Amino acid sequence: MNETISKRDALRRALLVASVLGASLAASGCVPVVATGAAVGTLAALDRRTVGAQTEDQGIELKAALQIRERIGSGVSVTSYNRKVLLTGQVANERDKQTAEAIVAALPNVRSIHNELQVAGVPSLSTSAADAAITARVKAAFVDAQDLQANTIKVVTEAGTVYLMGLVSRREAERAAQVAARVAGVQRVVTVFEYITEEEAQRTK
């Protein structure tokens, strides 16, 4: 029991440190385009994805971010989980939204794209910092939930909307959405999960 608690506390600390770092970067105006996909290294060994999938996800995020920045500028966050890509952030017009999606679609290994880009102005630093704080609280809530594996769920927050990604069972998906919805500051929860069986989920614990 003590070992389980110790592991949970260690994971909580790792998640919070990564999220606080993200919040600090947001407040300083130094948020990179791929911020939502960073801070993976420490927790990589606890991930349900294969090492190959994790490596490909990082490559997808980096390549997409660089190409999107060159074509349409900043404001777009790229998150890849098991080669499933989520686009969040804000762009100037519908053409830029479609351009970002086309850039990702042309990359190797991308299996699907969930385009949640909003046509609006660039978000303020205060909004970015608030989103980073929400992400930290949601991750901490997942760690505190005894029936969830926080390391299997990726959290992305954009203007108060929380996006959840990962390889989870349907029970875990419903539970994660419930937990996230109760966190202060969360306005909406969108699940972008890939489902596995409960037996497969249990084998990865």
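What counts and how
Residues numbered from 1 in each chain as written. Predicted model: local features only at pLDDT ≥ 70, side-chain atom pairs only at ≥ 80, totals over all residues. Heavy atoms only, no water. Pairing = 2+ DSSP bridges. Helix = DSSP H or I, 4+ residues; strand = E, 2+ residues; numbered from the N terminus. Right-handed = clockwise from strand over helix to strand, strands pointing away. Salt bridge = Lys/Arg side-chain N within 4 Å of Asp/Glu carboxyl O. Expected span 1.5 Å × (residues − 1). Buried < 20%, exposed > 50% of the residue type's maximum accessible area, 1.4 Å probe, protein only. Axes fitted to C-alpha atoms, helices over the stretch in contact; angles between N-to-C directions. Parallel < 35°, antiparallel > 145°, perpendicular 65-115°, else oblique. Left-handed = near helix turned anticlockwise from the far one by under 90°. Contact = heavy atoms within 4.5 Å. Nonpolar A, V, L, I, M, F, W, Y, C, P; charged D, E, K, R; others polar. Phe/Tyr/Trp six-rings, centres within 6.5 Å; stacked < 30°, edge-to-face > 60°. Lys NZ or Arg CZ within 6 Å of the ring centre and 35° of its normal.

Draft legend 1. Representation of the pairing of strand 7 (residues 188-195) in the model. Where strand 6 (residues 161-168) lies against strand 7, eight bridges are found, and the strand directions are parallel. Residue valine 168 lies in a different strand from strand 7, and its bridge partner there is tyrosine 195. In this fold, strand 6 hands off to helix 5 (residues 170-181), which returns the chain to strand 7; that crossover is right-handed.

Draft legend 2. Here's a closer look at the pattern of salt bridges. Summed over all chains, the structure comprises nine salt bridges. Overlapping salt bridges bring together Arg48, Arg171, Glu172 and Glu198 as one network.

Draft legend 3. Seen up close, helix 4 (residues 125-144). Between its first and last C-alpha, helix 4 extends 29 Å over 20 residues, near the 28 Å set by a 1.5 Å rise per residue. Taken residue by residue, helix 4 has Asp131, Ala132, Ile134, Thr135, Ala136, Val138, Lys139, Ala140, Phe142 and Val143 as its buried positions.

Draft legend 4. Here's a closer look at the environment of alanine 92. Structurally, alanine 92 is set in the loop between strand 2 (84-91) and helix 3 (94-105). Sequence separation between alanine 92 and glycine 75 is 17 residues; the distance between their C-alpha atoms is 9.3 Å.

Draft legend 5. Structural view of unusual backbone geometry. Even without being a glycine, asparagine 109 presents a positive backbone phi close to 80°. With respect to the element layout, asparagine 109 can be found in the loop between helix 3 and strand 3 (112-115). Owing to a relative accessible area of 41%, asparagine 109 belongs among the partly exposed residues under this scheme.

Draft legend 6. Structural detail: the packing of helix 4 against helix 5. Direction vectors running N to C along helix 4 and helix 5 enclose 130°, while the axes themselves pass 9 Å from each other. The angle between helix 4 and helix 5 falls in the class oblique. For the element pair helix 4 and helix 5, the recorded crossing hand is right-handed. Contacts between helix 4 and helix 5 involve Val138, Ala141 and Phe142 from the first element and Ala176, Val179 and Ala180 from the second. Here the residues of the contact of helix 4 with helix 5 sort into six nonpolar, no polar and no charged.

Draft legend 7. Geometry of the packing of helix 2 (residues 51-72) against helix 3. Here helix 2 crosses helix 3 at 145°, and the two axes come no closer than 10 Å. Crossing of helix 2 over helix 3 shows right-handed handedness. Within the contact between the two elements, helix 2 uses Ala64, Gln67, Ile68, Arg71 and Ile72 and helix 3 uses Asp96, Thr99, Ala100, Ile103 and Val104. Among the residues forming the contact of helix 2 with helix 3, the class breakdown is six nonpolar, two polar and two charged.

Draft legend 8. Examining the packing of aromatic side chains more closely. Applying the stated rule across the entire model yields one aromatic pair. For the cation-ring pair, arginine 49 lies above tyrosine 81, with the distance from its terminal atom to the ring centre recorded as 4.2 Å. Its end group placed over the ring of tyrosine 195, arginine 170 keeps NZ or CZ at 3.9 Å from the ring centre.

Draft legend 9. Broad picture of the side chain of threonine 88. Within the secondary structure, threonine 88 is located in strand 2. Once residues within four sequence positions are removed from consideration, threonine 88 is found in contact with Gly75, Val76, Ser77, Glu116, Leu117, Val156, Glu158 and Tyr163.

Draft legend 10. Spotlight on the environment of glycine 59. With respect to the helices, strands and loops of the structure, glycine 59 is situated in helix 2. A relative accessible area of 25% places glycine 59 in the partly exposed class. Along the primary structure glycine 59 and proline 108 are separated by 49 residues, whereas in three dimensions their C-alpha atoms are 9.6 Å apart.

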